[in-house]
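# Descriptive structure summary
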Amino acid sequence: DFRRIKDNGLVGKFWRYLAHRGFDDVERLVRNYRLRCALTGRYKDRVIISFYREGELLGWTGRAIGKTVNAPRYLSSGEAVKTTIFNEDAVSHGGDHLIIVEGPFDALKIDFYGSRYNVRATCIFGTSMTVDQISILNECSKNFKSTHVLFDPEAIDASFGARDWLLGQHTSVSQLPEGIEDPGSMSKLQVQKYITSLKRG
């Protein structure tokens with residue numbers, strides 16, 4: 001039931017949703033992260049974000065593009081998503097700074113604009129990490145100069161709790177710019193300013 005996201009036809013509404021969320025090159029976004037969409041079925045009217053390990057599909061989550069009634073904003077394929085992290089294959093290759101956020105759209109926003117600056121982002125699908133995720137993140141963080149936990153402002157306690165599970169020498173809790181609710185709502189300029197602040201140390 002999953003279709004490619006295009007800028008026309010019935011799937012055009014997903015393209016417009018992504019543009020509205022602050023992505024200035026939707027075609028590149030869809031291609032790089034293999035995003036799909038659903039017009040019917042259980043995941044109707046959701047952007048589908050898939051998770052891979054060494055190219056093998058582990059699962060996916062669907063993000064509603066409209067207001068949901070009696071349904072969660074995110075709908076996952078199963079518990080397998082908590083055995084991995086978003087963008088695992090790309091993150092495993094390392095870089096300068098690794099950013100750990102709560103949700104897939106938070107990670108998409110920072111990774112999309114950050115990857116060109118050697119900054120990569122991932123998410124743990126919430127504020128609590130499983131044993132599998134802790135293991136993956138500790139392995140990946142070895143390939144970065146620093147690792148930063150960037151949860152939503154109301155999850156500051158969980159941020160420090162997550163940081164305490166990470167073994168890297170240069171691991172810290174990072175904060176969003178004042179007035180920003182979550183990383184996914186940051187503009188391109190705000191993401192770039194945040195990355196600049198990381199590189200300045």
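Each chain carries its own residue numbering, running from 1 in the direction its sequence is written. Predicted model: local features are reported for residues with pLDDT of at least 70 only, side-chain atom pairs are reported and counted for 80 or more only, and whole-chain, interface and lining totals are derived from all residues. No hydrogens and no water enter the side-chain calculation; it runs on all heavy atoms of the structure.

### With respect to the confidence of the model for the protein
Of the residues in the protein, 100% have a pLDDT of 70 or more, and the chain-wide mean is 93. Per-residue confidence from the predictor is given as pLDDT, running between 0 and 100. Strands are runs of DSSP state E lasting at least two residues, helices are runs of H or I lasting at least four, and both sets are numbered from the N terminus onward. Taken element by element, the predicted model of the protein shows its lowest mean pLDDT in helix 7 (residues 188-200) (91) and its highest in strand 2 (residues 36-38) (98).

### Details of the packing of helix 1 (residues 12-20) against helix 2 (residues 26-33)
Running from N to C, helix 1 and helix 2 point in directions that differ by 105 degrees, and their axes come no closer than 10 Å. Taken as axis vectors, helix 1 and helix 2 run roughly perpendicular relative to one another. For the pair formed by helix 1 and helix 2, the contact residues are W15, L18 and A19 on the first element and V26, E27, L29 and V30 on the second. Classification used: nonpolar for Ala, Val, Leu, Ile, Met, Phe, Trp, Tyr, Cys and Pro, charged for Asp, Glu, Lys and Arg, polar for all others including Gly. Class assignment of the residues belonging to the contact of helix 1 with helix 2 gives a composition of six nonpolar, no polar and one charged. Helix axes use the C-alpha atoms of the stretch in contact, all axes being lines fitted to C-alpha atoms, and the angles between their N-to-C directions lie in the range 0 to 180 degrees. Our angle categories are set so that under 35 degrees counts as roughly parallel, over 145 as roughly antiparallel, 65 to 115 as roughly perpendicular, and the remainder as oblique. Residue contacts follow a heavy-atom distance rule, with two residues in contact if any of their heavy atoms lie within 4.5 Å.

### Looking at the environment of P177
Within the secondary structure layout, P177 lies in the loop between strand 9 (171-173) and helix 7. When the C-alpha positions of P177 and Q190 are compared, they lie 7.9 Å apart, and in sequence the two are 13 residues distant.

### A look at the nonpolar core
Judged by nonpolar contacts, the single largest core of 38 residues is most densely connected at L18, F86, I99 and L108. Breaking this core down by element, the ones donating at least two residues are helix 1, helix 2, strand 3 (46-53), strand 6 (95-101), helix 4 (104-114), strand 7 (119-123) and helix 7. In terms of residue count, helix 4 provides more of this core than any other element does, six residues in total. Excluding its chain neighbours within four sequence positions, the residues that come into contact with F86 are Y33, I49, F51, V91, A107, L108, A121, T122, C123 and F125. Here, the term nonpolar core denotes a set of buried Ala, Val, Leu, Ile, Met, Phe, Trp, Tyr and Cys residues that are joined through side-chain atoms within 4.5 Å. Residue burial is assigned from relative accessible area. The probe radius is 1.4 Å, only protein chains are included, and a residue is buried under 20% of its type maximum, exposed over 50%, and partly exposed in between.

### Re the sheet that holds strand 3
Any two strands with at least two DSSP-identified bridges between them are counted as paired. As summarised here, the arrangement of the five strands in space is 1-2-3-4-5, forming an open sheet in which the pairing is antiparallel. This sheet does not close on itself; its edge strands, each paired only once, are strand 1 (2-4) and strand 5 (74-76). Adjacent strand axes in the sheet meet at a mean angle of 35 degrees, parallel and antiparallel pairs treated alike. Examined bridge by bridge, strand 3 and strand 4 (residues 56-64) share eight bridges and lie antiparallel to one another. Across the sheet, I49 pairs through a bridge with T61, a residue of strand 4. Along the sheet face, helix 1 touches strand 2, strand 3 and strand 4 and points at about 75 degrees away from the line of strand 3.

### Considering the pattern of salt bridges
Salt bridge, as used here: a side-chain nitrogen of Lys or Arg that lies within 4 Å of a carboxyl oxygen of Asp or Glu. The final tally for this structure, using the stated rule, is ten salt bridges. Note that E88 is salt-bridged to R53, the shortest N-O span being 3.0 Å. You can see E88 sitting in helix 3 (residues 88-91) and its partner R53 sitting in strand 3, a full 35 residues away along the chain. A relative accessible area of 29% means that R53 is categorised as partly exposed. Residues joined by salt bridges that share partners form a network here, namely K13, K44 and D45.

### Things to note about the side chain of R21
You can see R21 is positioned in the loop between helix 1 and helix 2. Ignoring any residue separated from it by four or fewer positions in sequence, one finds R21 in contact with R63, F105, K109 and G184.

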